[in-house]
Structures are given as C-alpha cells and as structure tokens.
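The lines below spell out each chain.
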Number of protein chains: 2
Amino acid sequence: MAQLKRTLLGGFAPLLLSGMLAAQVTTAAVAGEHDKHAKSYAHFNKDGDLLTPRNYREWIFVGAPVTPKDMNDGNPAFPEFHNVYIDPVSFAHWKKTGKFRDGTIIVKELVSVGTKESASGNGYFQGEFLGIAATVKDSKRFADSHNNWAYFGFESYESKSGAKQPEEACNVCHKDNAAEDNVFTQHYPVLRAAKPGK
Amino acid sequence: MAQLKRTLLGGFAPLLLSGMLAAQVTTAAVAGEHDKHAKSYAHFNKDGDLLTPRNYREWIFVGAPVTPKDMNDGNPAFPEFHNVYIDPVSFAHWKKTGKFRDGTIIVKELVSVGTKESASGNGYFQGEFLGIAATVKDSKRFADSHNNWAYFGFESYESKSGAKQPEEACNVCHKDNAAEDNVFTQHYPVLRAAKPGK
C-alpha cells in the first residue's frame, strides 16, 4: 500500500486534480490552465542538479531502442536497451498540442541484454537495469541550451541528484539527429501516434 | 482534453478512488478491499470475446523483447518488437503481493523494426505499430485454462473484440517457458524489480 499511495500522491496527483476540476467546469479552459500551471516532475537542488527521478517506470513509455554490445564492437554509447519514458502531465500536453511543454522530463533507463534466445525466437530480450539518464526542457532555466533542453547523468540509482552535462556531450547529437525538438520521435511510435492530427 | 479526461476516467479511476479513500481510513485495510473488488480492465461481449483493449499505452510498461525478421529467417512468430503492458491496478496488486490478481490483463503490442542504425549506434529501433494480442487471468471465466490465463488475438486495431485462442496455440508455450505463472518475467525487469522482497 505504501507503494500504491506513493504512486497516487506522486505520479498521478496532477492528472487527478485536473480530472476532478474537469467534472465541474468547462473542460477546455481547465486543460489550458492545468497545463500552464501544472508542476513539473523535474526538481532541482540549489546547485542546479536534477534530483534523481523516481517512479518513472509508472510514467508513459514511448519506445525501447536496443543498441547491443555485440552490434557495437562491445562498447555501445548506451548499453543496451533504452527504455524511454515521458512524465504523464507532459504526455497529456503533447497529446493536446503536439509540443513538449516547459517542464517536460524524459527518462532513459538502460537495460542489459539478458538473452538472445527465447520461446518466441531469436532476438534481444531485456536483462537487468543498468542506470538512468534524463533530459528536461525549461525555457527559463535552460535559456542558453539548444531548444531549452538540458541533459543529466546519474552515477547510480542511489544518487540523490545528477549533474547537467556539457552542451557538447548530449545536446549537439540530439540537435543534429532527433526528428523533433531534440527528441528522437522517429524511434518512439507512442509519441508519433499520440500527436494531434495523427 | 477529451483524451486526458478519458485517461483519467478510464485508466486511473480505480487508483484514484483508492487514493482518496486511503487518506481517510486505515491504508492496509483499504488496499485489501480495493484489490479484491477493483474492476478488471478486461471486458467481454456475450460470446466471451475480449473487447479490444484501449488506452493500454498509458498502462504500466514491463519490457520490450525484439524478435527481428532478420534473426528469424524473415518470419518470426511475433514480428518484431513486443511492447508489453500490464493494467495499473493489477500492477499495484503485483507490487503488494507478487501475484497476478484475477482480472489481470497484459497487452503485447507488436512494432516493426524501423531502422538498424541511428546516432546512438547499431541496433534495432522501433518503427510502426503492427497490432496487439492480450491475455487475461480469471479463475472463474477460465477455470479450465492452465493457471487460468486465456489468450486473445485481434484482427486489427479497428476490431471491436478478439477471440480466445485454443489452449494449444498460446497457453502451452507460456506454460512450458514462462518463468512465473504463465508470464515471461525473465524478460520483464520492471516486474521483477517491483516484486515484494526485491
């Protein structure tokens, strides 16, 4: 129950509040207000480090590329599966507007390849969690970053926070290769399908 | 807003109600009552076909095996990525008990390989959605099925419902190869990590 309660109070509280309001007043007006003022899931310490995201496995999954060791000379940039999640309030905003709102946080969790063979055939199957990275869009806090996205690394799951990476470490590659506003939507069918007008 | 509202009223309503109650009375007692009576996300028509699951991309993602065509002589049993989700109330029950409750529904969405090369390296990257399959555990409805799981196929996303597959088509393989109660938890790190005692 402790876990369930945490899920409710942490993960879905903003959605929950919005839903309760929506039952009472004009829905469109509330949606606008809601998205504008809804708190971000990204929190920072006084040094500007991003507090380690928690509970992200209950956010919205958007896609899972795999860059296996055995296809990258044993040393992929990000070993091996990348399970990618967006926070639920920013996903709701994306569905309504097709844009990533200020405060959007996207988490990439790395997972080893556990096996290459199972009952369903040959392939790549997820093994164990290896760690996370995260990116946050914020036009005020990251006014000088390309498209206002900043990228954060975390030493371990036990870390309380993670430091902002230099612009050339992450943002340059996202800028040059991501399909849409620094996000690799070309690999995330969930985001493409949820975009308005699709 | 329509989509957000649907998410709230459909996807998270049971969690939401549980959370509201939990604030008022003993949490452990509520959790027990909640899981016992919480409605299943699985709904059936009068012929016993499973109504096509909707909104499952906002459920809890558990893992994404990939069985690519090029690793299975062009013809994998399930092409190609398998994005697997469990409904959120059954996930909450799993976190509390380590068991799949009666009414659990798990959806497998198949996704093509879109490309094998991207900025992050060589590998497999998700392309387009191909279709879904689902399984439901119900000790009354599927009293004669192994571990009370039944498997359903859907002709297309437009299908209103899907038919129960013969026991030998799916259940036999799950029975023989899945790590835990017909579910391939060996490939689903999210479920393993969320199990009590981990």
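Placed above this text is the structure.
Since we're looking at a predicted model, the values are computed, not measured.

Draft legend 1. Molecular detail of the overall build of chain A. Per the secondary structure count, chain A includes six helices and seven strands. Along its sequence from the N terminus, chain A presents helices and strands in the succession α-α-α-β-β-β-α-β-β-β-β-α-α. Within the span of chain A, comprising 198 residues, buried residues form 56% of the whole. Taking all contacts inside chain A whose residues are at least 6 apart in sequence as the whole, residues at least 24 apart take part in 56%. Put simply, chain A shows about 8,900 Å² of open surface, and 51% of that area lies on carbon and sulfur atoms.

Draft legend 2. Focus on the sheet that holds strand β2 (residues 60-63) of chain B. Residue and element names in this part refer to chain B. Taken in spatial order, the seven strands make up an open sheet running β1-β7-β6-β5-β4-β3-β2, and their pairing is antiparallel. Both edges of this open sheet fall to β1 (50-51) and β2, since each of them pairs with a single strand only. Relative to strand β6 (residues 149-153), strand β5 (residues 121-137) is paired through five bridges, and the arrangement is antiparallel. Counted as the bridge partner of alanine 134 is phenylalanine 152 from β6.

Draft legend 3. Structural detail: the state of the cysteines. For the structure on display, the rule yields zero disulfides over all chains. With no disulfide of its own, cysteine 173 of chain B has cysteine 170 of chain B as its nearest cysteine by sulfur position, at a separation of 8.6 Å.

Draft legend 4. Structural detail: the pairing of strand β7 (residues 161-164) of chain B. Judged from the two bridges that link them, β1 of chain B and β7 of chain B form a sheet pairing that is antiparallel. Among the inter-strand pairings, leucine 51 of chain B is bridged to a residue of β7 of chain B, identified as serine 161 of chain B.

Draft legend 5. Just the side chain of glutamine 126 of chain A, in detail. Secondary-structure assignment places glutamine 126 of chain A in strand β5 (residues 121-137). Looking at glutamine 126 of chain A, the relative accessible area reads 1%, which means it is buried. Only 2.8 Å separates the side chain of glutamine 126 of chain A from the side chain of asparagine 83 of chain A, close enough to count as a polar contact. Look past the residues within four positions of glutamine 126 of chain A in its chain and what remains in contact with it is Ala64, Phe81, Asn83, Val111, Ser112 and Gly114 of chain A together with Phe61, Gly63, Ala64, Gln186, His187 and Pro189 of chain B.

Draft legend 6. Just the pairing of β5 of chain B, in detail. Residue and element names in this part refer to chain B. Here β5 lies mainly inside the structure; 13 of its 17 residues are buried. As judged from the eleven bridges shared by strand β4 (residues 105-118) and β5, these two strands associate in the antiparallel manner. Residue pairing across strands places threonine 115 opposite phenylalanine 125, the latter belonging to β5. Linking β4 to β5, which pair antiparallel, is a turn of two residues.

Each value, and the rule that gives it
One numbering rule holds for all chains: residues counted from 1, following each sequence as written. In the order they appear in the text, chains get letters beginning with A and ligands get numbers beginning with 1. Only residues with pLDDT of 70 or above have their local features reported here, since the model is predicted, and side-chain atom pairs are shown and tallied only from 80 upward, although totals for entire chains, interfaces and linings are computed over all residues. As a rule here, side-chain values come from all non-hydrogen atoms in the structure, and water together with hydrogens is ignored. Under the DSSP-based scheme used, a helix requires at least four consecutive residues in state H or I and a strand at least two consecutive residues in state E, with every element numbered from the N terminus. Buried means the residue's accessible area, taken with a 1.4 Å probe over protein chains only, is under 20% of the maximum for its type, while exposed means over 50%, and partly exposed covers the values in between. Contacts between residues were defined by any pair of non-hydrogen atoms, one from each residue, lying within 4.5 Å. Values of accessible area rely on a 1.4 Å probe in the Shrake-Rupley scheme; residue burial ignores everything except the protein chains shown. If DSSP finds at least two bridges between two strands, the strands pair. Cysteine sulfur atoms are paired as a disulfide whenever they fall within 2.5 Å. Pairing of N or O atoms within 3.5 Å defines a polar contact, subject to two protein rules: one partner must be a possible hydrogen donor and the other a possible acceptor, and residues neighboring in sequence count only if both atoms are side-chain atoms.

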